[in-house]
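# Notes for the structure review
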Amino acid sequence: MDIKNILVTGRMYRDLERLALLDTKREYKFLPEAEVSPNHFDWADGYVAFKPTESFHFGGLRWVHALGAGVDAFLYNREWKKDVLLTRTVGSFGRKIGEYCLSYILADVQRHGDFRQYQSERHWLPSQQKLLQQLNIVIFGTGTIGMEVAKMLRTFGVTVYGISRSGASNCHFNRVLPITEVHPLLAQADWIINTLPLTQITERLFEKRLFSCMHGAGFINVGRGASVDENALLEAIERGQVRKAILDVFREEPLPSESPLWAHPNMAVTPHISAVTGLDEAMDGLLAVLREIDSGQERISYSVDVSRGY
Ligand code: GLV
């Protein structure tokens, strides 16, 4: 495939201007989203961004590259044009998300919240903490992110179960089960981590019935907000099925100020920061894909299976 004109937009457009110096074979346009007009898509055969602009249409595009790991902004509830290649950034998202999860899990087993409270009351209250190796953690999603999170947790001796569509085994997990067999496992889970992409299948996957199988698990969502029924989660916390929730992604972002999630004592809310794309990884990922396209390689690494949505 011959890519000649690339349109780069979104929050990194200025930082990525260096691309034009590194890759002199092609023409580039670097624009803020608001300045991208429908005509630009007739000029461009390549589009690089976190999401489609309002003015997005396929025009002359033959390749779209997502600067994030998730591609739901391009595919979910949208039509994709056949034969347009979609690639994404892989970078260090798995490690970033792994450290995000680990920080909350460790703070929980080491009871940081309780000890801060006792300190403020000048209260001397010793206790024995659990070890990470006593924990069972269930990770939804065994792709690049889920796998990296599993790998990290297992170095601390955690027993890690993976949940995927097929249940195909994977050496980074103690065991992988198909989604259809997850229910009994949830009752023994200390933590449940969602890393799944948003697709028609994962939309509202975490709903009343699934939460009702949990017996006091912590729930971390680093996948997509729309995979969770937020009201069902609130109810599950009230019933003690979920002990606490750590949420980095939401159905609506930014999370509206009137949302009850902000002030809930058993919830931690972060503003979609568990894995923010860094400039170097964006640049490296993009150049690697361009090299593969130029070499005529048939199967491009990090290309998305559009029919599956990830
Ligand atoms: C972040 O959510 C991403 O998709 O990179």
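Per chain, residues are indexed from 1 in the order of the written sequence. Restriction of local features to residues with pLDDT of at least 70 applies here, the model being predicted, together with a cutoff of 80 or more for giving and counting side-chain atom pairs; totals for whole chains, interfaces and linings are based on all residues. Side-chain figures throughout are based on the complete set of non-hydrogen atoms in the structure, without hydrogens or water.

Looking at an unreviewed UniProt entry, the chain carries the name Phosphoglycerate dehydrogenase-like enzyme, with the source organism given as Paenibacillus aceris.

### Notes on the pattern of salt bridges
Two side chains of opposite charge can pair, provided their charged atoms sit close to one another. Salt bridge, as applied in this entry: a Lys or Arg side-chain nitrogen positioned within 4 Å of an Asp or Glu carboxyl oxygen. In the structure shown here, the tally under the stated rule is 19 salt bridges. Measuring nitrogen to oxygen at the nearest pair gives 2.8 Å for the salt bridge that ties D72 to R224. Residue D72 is located in helix α3 (residues 72-75), and its partner R224 is located in the loop between β10 (217-221) and α9 (230-238); the two are separated by 152 residues in the primary sequence. Across this residue pair, the class does not change: D72 and R224 are buried. In this text, helices come from DSSP runs of H or I with a minimum length of four residues, and strands from runs of E with a minimum of two, each type numbered from the N-terminal end. The buried label applies to any residue whose accessible area, calculated with a 1.4 Å probe on protein chains only, is under 20% of its type's maximum; exposed applies above 50%, and partly exposed to all values in between.

### Some thoughts on the side chain of S227
Along the chain, the position of S227 falls in the loop between β10 and α9. Its relative accessible area of 0% is what places S227 among the buried residues. Pairing of N or O atoms within 3.5 Å defines a polar contact, subject to two protein rules: one partner must be a possible hydrogen donor and the other a possible acceptor, and residues neighboring in sequence count only if both atoms are side-chain atoms. In this structure the side chain of S227 is engaged in a polar contact, spanning 3.0 Å, whose partner is the backbone oxygen of T202. Setting aside residues no more than four positions away along its own chain, S227 makes contact with N194, P197, L198, T202, E203, R204, L205 and F206. Whether two residues are in contact is decided by their heavy atoms: any pair within 4.5 Å suffices.

### Section: the nonpolar core
Burial of nonpolar side chains together is a common tendency in soluble globular proteins. Core analysis: the biggest nonpolar cluster contains 32 residues, and F140, I192, F206, F211, F219 and L233 have the highest contact counts within it. Considering each element in turn, this core owes the most residues, five residues, to α9. If we ignore the near neighbours within four places in the chain, the residues touching F206 are F140, I192, N194, F211, M214, F219, S227, V228 and D229. Here, the term nonpolar core denotes a set of buried Ala, Val, Leu, Ile, Met, Phe, Trp, Tyr and Cys residues that are joined through side-chain atoms within 4.5 Å. Among the nonpolar cores identified, the runner-up in size contains 28 residues, and Y100, V149, L153 and I220 belong to it.

### Section: the sheet that holds strand β2 (residues 27-31)
Note on pairing: two strands pair once DSSP finds at least 2 bridges between them. Here we have five strands laid out as an open sheet, ordered β2-β1-β3-β4-β5, and parallel in their pairing. The two strands at the open ends of the sheet, each matched to only one other strand, are β2 and β5 (85-87). Put simply, the sheet's adjacent strands are angled 15° from each other on average, direction ignored. Relative to strand β3 (residues 46-49), strand β1 (residues 5-9) runs parallel, the two being bridged by three bridges. Within β3, the residue paired with L7 across the bridge is Y47. On top of the sheet, helix α10 (residues 279-294) reaches β1, β2, β3, β4 (63-66) and β5; it is set at about 155° to β4, its chief contact. Angles run from 0 to 180 degrees between N-to-C directions of axes, and those axes are lines fitted to C-alpha atoms, restricted for helices to the stretch in contact.

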